[in-house]
Amino acid sequence: MTHPILALNHINKSFGPIDVLHDISLTVRAGEVLCLLGDNGAGKSTLIKILSGVHIPTSGTIEMDGAPVSFQSPRDASGRGIATVHQFGGTFPLMSIGRSFFVGAEPTKGWGPFKIFDRKKANEIAIKSIRDFGITRIDDGERLVGGLSGGERQSLAIARAVYFGARVLILDEPTAALGIKQAAHVLRIVNQAKKKGLAVVFITHQVTHAMAVGDHFAVLIRGSIAADFKKGDKTREEITDLMAGGSAMAELEAEIESDAHHAHVA
Amino acid sequence: MAQFLRHPEAGTLFGLLVAYAAFAVLGGQNFVGAQGWSSWLNVAAEVGIIALPVGLLMIAGFLDISVGSVVPASSLTVALISNHYQLPIPVGIAGGLAVGLLIGFINGMLVTRTTVPSLIITIGTMFGTMGLALGLTVLIKGSTGVFLVADPLTKSILGEALGGMFRVGIFWWIGGIALFYYLLHVSPWGNGVFAMGGDAESARNAGISTKRLTVQLYMLSGVVSAFVGVIQIIANSNAQVAAGSSFIFNSIMCVAIGGVSLTGGAGSVIGIALGTTIFSVVTQGVFYSGLDTNLVSIVIGGMFLIAVLTNDSFRNFAQSFSSMAKK
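Residues numbered from 1 in each chain as written. Chains lettered and ligands numbered in written order. Predicted model: local features only at pLDDT ≥ 70, side-chain atom pairs only at ≥ 80, totals over all residues. Heavy atoms only, no water.

Draft legend 1. Focus on helix α12 (residues 246-257) of chain B. Residue and element names in this part refer to chain B. Between its first and last C-alpha, α12 extends 16 Å over 12 residues, near the 16 Å set by a 1.5 Å rise per residue. Among the 12 residues that make up α12, nine are buried, leaving the element largely enclosed by the rest of the structure. Three or more residues of α12 are buried, namely Phe 247, Ile 248, Ser 251, Ile 252, Met 253, Cys 254, Val 255, Ala 256 and Ile 257. Gly 259 lies just past α12 and shows a positive phi near 90°. (Helix = DSSP H or I, 4+ residues; strand = E, 2+ residues; numbered from the N terminus. Expected span 1.5 Å × (residues − 1). Buried < 20%, exposed > 50% of the residue type's maximum accessible area, 1.4 Å probe, protein only.)

Draft legend 2. Inspection of the packing of helix α4 (residues 67-84) of chain B against helix α5 (residues 89-113) of chain B at higher detail. All names here are of chain B. In the contact formed by α4 and α5, the axes pass within 8 Å of each other and the chain directions differ by 150°. If you check the angle between α4 and α5, you find them roughly antiparallel. As for how α4 packs across α5, the hand of that crossing is right-handed. Within the contact between the two elements, α4 uses Val 70, Ala 73, Ser 74, Thr 77, Val 78, Ile 81 and Ser 82 and α5 uses Ile 89, Val 91, Gly 92, Ile 93, Gly 95, Gly 96, Val 99, Gly 100 and Ile 103. When grouped by side-chain class, the residues that make up the contact of α4 with α5 number nine nonpolar, seven polar and no charged. (Axes fitted to C-alpha atoms, helices over the stretch in contact; angles between N-to-C directions. Parallel < 35°, antiparallel > 145°, perpendicular 65-115°, else oblique. Left-handed = near helix turned anticlockwise from the far one by under 90°. Contact = heavy atoms within 4.5 Å. Nonpolar A, V, L, I, M, F, W, Y, C, P; charged D, E, K, R; others polar.)

Draft legend 3. Geometry of a negative patch on the surface. All names here are of chain A. The grouping of Glu 237, Glu 238, Asp 241, Glu 253 and Glu 257 at the surface amounts to a negative patch. Among the elements of the structure, α8 (236-243) and α9 (247-265) are those that each provide at least two residues to the negative patch. Ranked by residues supplied to the negative patch, first place goes to α8 with three residues. Looking at the secondary structure, you find Glu 238 in helix α8. (Patch = residues over 30% accessible without salt bridge, like charges linked within 9 Å, V, L, I, M, F, W, Y side chains within 5 Å. Areas by Shrake-Rupley, 256 points an atom, 1.4 Å probe, with all protein chains shown as cover. Salt bridge = Lys/Arg side-chain N within 4 Å of Asp/Glu carboxyl O. Lys, Arg positive; Asp, Glu negative; His and termini not counted. Charge placed at Lys NZ, Arg CZ, Asp CG, Glu CD.)

Draft legend 4. Spotlight on the pattern of salt bridges. Residue and element names in this part refer to chain A. Taken as a whole and judged by the stated rule, the model has seven salt bridges over all chains. Two residues, Lys 44 and Glu 173, come together in a salt bridge whose shortest N-O distance is 3.0 Å. Of this pair, Lys 44 sits in helix α1 (residues 44-51) while Glu 173 sits in the loop between β9 (168-172) and α6 (180-195), and the two are 129 residues apart along the sequence. A salt bridge links Glu 124 to Lys 120, with the nearest nitrogen and oxygen atoms 3.9 Å apart. Linking Glu 124 with Lys 120, this pair stays in helix α4 (residues 119-132), spanning four residues, or about one helical turn. Note on Lys 120: relative accessible area 62%, which makes it exposed.

Draft legend 5. Quick look at the confidence of the model for chain B. Residue and element names in this part refer to chain B. Here chain B shows a mean pLDDT of 88. Residues at 70 or above account for 93%. Mean pLDDT per element in chain B: helix α1 (residues 2-5) is the minimum at 58, and α5 is the maximum at 96. Within the model, the stretch residues 322-327 combines pLDDT values under 50 with nine contacts to residues more than four positions away or in other chains. (pLDDT = per-residue confidence, 0-100.)

Draft legend 6. Main features of the interface of chain B and chain A. Contact with chain B, which involves 29 residues of that partner, is made by 26 residues of chain A. Both sides together, the interface formed by chain B and chain A hides about 2,100 Å², and carbon and sulfur atoms give 54% of it. Along the contact surface separating chain B from chain A lie zero salt bridges. Summed over the shared surface of chain B and chain A, the number is five residue pairs in polar contact (both at pLDDT 80 or more). Breaking the side of chain B that touches chain A down by element, the ones donating at least two residues are α8 (169-186), α9 (188-198), α10 (200-205) and α14 (294-324) of chain B. (Buried area = accessible area lost by both parts, 1.4 Å probe. Polar contact = N/O pair within 3.5 Å; in protein donor to acceptor, adjacent residues only side chain to side chain.)

Written as structure tokens, this is what we have:
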């Protein structure tokens, strides 16, 4: 049997007296999209920070390919192929596509201390990587990142992570700030990353987006996993209900209904 | 050409041509002749050398006010070591540059170890340095000014004026432009400067050691300001504690007029050099035109505001233009 790329076993995290995550166990497999659903404050961002090495869990273990690992810093995690793409893509609006693609890992030519940033090569690789994800509109690596649409920026960030050898892609609310068309575009790219054999952790609170690409779902409520199920096991309404805490949503519906009733009587 | 017009530097170049043409008419023969050129080039060289690292800092998202006191502190150090203590001039120069490196290091450490804005921190180090320089000079020498007569070789490298007009500082400035162009636009190091100014958090995530880069930039700014202090003492033969405060705002003016974004993330060395040129052409042009010298401040202040206001619109234009080009 093959080990999952990444596995969390009974992770707990507390900041001083406040428990943020309780007993989280999750597995992420190659070629699979794990959707992490949860309302604001459910602990999604803390979980991402544990996965990407920003926070160290209070207790519990992390395994990669079946072997225990511990991330002391974001660099540890990225060194092992875990790439995090944040909501706004982590790209630099006033830099050219080629330059921003290679921030921190610039290709150089020349010798000794007189290294030269190889702009031509950087632009070529950046453009090719983005085109591999089906964005054909972009053909000039000198263009500013700020000139790209939100979806294209996300795609650029994902293409960058893939180029630098990411095996696990953590996408933090990639579609939250996007319009419908742009979001669809990003979802298509997520699907392509999955087909390339990457493990994807897709964090979102938009159930529709999650259902479009997810293979596996985990719903996080107040720091615990409230549900863990596979594609097709639950309907959209059931998931939304779960995320909102079920009863809270039902109460709201009842309230609105009775308001409408009162209005009708008056 | 279209590519060039999308940059804020295009505006700076246009402004320079207009300013030069205006003062060529008003200032007449003297201004367009060798005398006029030397006078604005001399001004440009001194402020221009400091504007280069200050510009890099601004692109990276920081300010450095302390340059204004590093210049005289360095001059005084050179003079004290080589005049008062009678040590060789190279030792004095090394001492002056070390003062700049040290103050830059302190700035960098304070900026990276605290959350206090760099403007506030460098105001603090500026006053601290100024007070220390004044106190020590009075303590050692008993006065606020120190003299130093340099040997001919040192003078010819750092303080000579060719034909009695063009100071060698001009060549150091040109060399500085080439060096900083390499650092910012050609070397991979420069990419980190842009990235840090664009989004420090993302730059850190991408593996750039932002703290180290910040300290490097402040030390660069410190040592370059100290170098201008060295040039001043060698050229003028005397050092005053109060000298140098004009560099604080003048360097920021040059950088901003040159199209560097005040919030960081964008700018160019060519822009900084053009901004410096415009600044010095205007200050000297007004003088040659026989106009009221109060006009200098008004014109420079106005240009500064126009530059700051238009820099962002140029960038918005650049971004929207490139996304509209192919749809």
